[in-house]
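This is what each chain is made of:
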Amino acid sequence: KSSTGEIARLLRKKVPGTVSIVAEYRKKGLNMGSLDNQLPPKIVSRDFRDAGAEAVSVLMDKATGGCTVEDAQEIVKEQATAAGDFPPPAPLIVHDMIIDEVQIAQAASLGAKGVVLTAGVLGQEELGKMMTAAGEYGVEAIVEVKSAEEVAMLEALGVTTAEHIVALSGLSVDETIDLLPTLPKDVVKIIECLQLNDNVTH
């Protein structure tokens, strides 16, 4: 089967000046260690949807997010309870350090509609292979880039249309501002916004 493009459609806004939200569930925070007081995923999942998130990402990398397969399953199950309601269910994105096609197959088996593929980790050739695998498993590839060299991979791989999603993350505000205009014009763009300890959002 092939990707439905559901996430790209949800994130594209027809009204100029409006933004879409991808909310991320994690059990570990940046420079904060374990979030022992994090609410269960089924509760946070509902809150994300009620707050207007178009999609929900689960950070499953052990070092940075700490979420489990069970967390992802709970979110998918909770979102399904909103079928036919407004707001409707938000699709799940698996955010992990994906280096093997097996991980994409697992994400698809969980009911995920998207996976994050990190260009800097995979390199151009492997990124292309993983994008192909994602399509074959019916999930959308969200390509994460952090440098001009990684942006160049997008053009080489044909990641240039409105059906593609590209994410900028792990960058400073200035780095994001500099890199954003270099992304292909038509792709759906995601910019990571983190709440820092000093209450400054970027």
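Procedures and definitions
Residues numbered from 1 in each chain as written. Predicted model: local features only at pLDDT ≥ 70, side-chain atom pairs only at ≥ 80, totals over all residues. Heavy atoms only, no water. Helix = DSSP H or I, 4+ residues; strand = E, 2+ residues; numbered from the N terminus. Buried < 20%, exposed > 50% of the residue type's maximum accessible area, 1.4 Å probe, protein only. Pairing = 2+ DSSP bridges. Right-handed = clockwise from strand over helix to strand, strands pointing away. Axes fitted to C-alpha atoms, helices over the stretch in contact; angles between N-to-C directions. Contact = heavy atoms within 4.5 Å. Polar contact = N/O pair within 3.5 Å; in protein donor to acceptor, adjacent residues only side chain to side chain. Core = buried A, V, L, I, M, F, W, Y, C linked by side-chain atoms within 4.5 Å. Salt bridge = Lys/Arg side-chain N within 4 Å of Asp/Glu carboxyl O.

Across the junction of F86 and P87, the peptide omega takes the value 0°, indicating a cis bond. The residue P87 is located in the loop between α3 (69-80) and β5 (92-95) in this model.

Side chains of strand β8 (residues 165-168) alternate between two faces, with I165 and A167 and V166 and L168 buried alike. Bridging between strand β7 (residues 140-145) and β8 involves four bridges; their strand directions are parallel. Of the residues in β8, the one forming a bridge with V143 is V166. Handedness of the crossover is the feature at issue here: the chain leaves β7, passes through helix α6 (residues 148-157), returns alongside β8, and the resulting connection is right-handed. Bridging between β8 and strand β9 (residues 188-191) involves four bridges; their strand directions are parallel. Note on β9: the bridge partner recorded for I165 is V188. Note that the unit made of β8, helix α7 (residues 173-179) and β9 has a crossover that is right-handed.

Below, the discussion takes up the sheet that holds β7. Taken in spatial order, the seven strands make up an open sheet running β1-β4-β5-β6-β7-β8-β9, and their pairing is parallel. Every interior strand has two partners, whereas the edge strands, β1 (22-25) and β9, have only one. Ignoring which end each strand starts from, the neighbouring axes of this sheet average 30° apart. The pairing of strand β6 (residues 114-118) with β7 spans five bridges and is parallel. In the strand pairing of β7, T118 is matched with E144. The strands that helix α2 (residues 41-50) touches are β1 and β4 (55-59); relative to β1, the one it contacts most, it runs at about 165°. Sitting on the sheet, α3 touches β1, β4 and β5, and the angle it makes with β4 is about 165°.

With that settled, the discussion passes to the side chain of S169. You can see S169 is positioned in the loop between β8 and α7. Taking the relative accessible area as the measure of exposure, S169 reaches 8% and is therefore buried. Of note is the side chain of S169, whose polar atom sits 2.6 Å from the side chain of E144. The residues touching S169, leaving out its near neighbours within four places in the chain, are E144, V145, K146 and E192.

On to the nonpolar core, then. Residues I104, V115, L117, L127, V145 and L154 are the most contacted members of the largest nonpolar core, which totals 42 residues. Among the elements that make up this core, the one with the highest residue count is helix α5 (residues 119-136) (seven residues). Once residues within four sequence positions are removed from consideration, I104 is found in contact with I98, L117, M130, A133, A134, Y137 and V139. Counting residues in each nonpolar core, the second largest holds eleven residues, with A8, L11, I142 and A167 among its members.

Applying the stated criterion to the full structure yields seven salt bridges. With its nearest N and O atoms 3.4 Å apart, the salt bridge here joins R26 to E24. Judged by relative accessible area, R26 falls into the buried class, the value being 13%. On the basis of relative accessibility, which here comes to 26%, the residue E24 falls in the partly exposed class. For K27, the salt bridge identified is with D71, shortest N-O distance 3.0 Å. Here D71 lies in helix α3 and K27 lies in the loop between β1 and β2 (28-29), a separation of 44 residues in the sequence.

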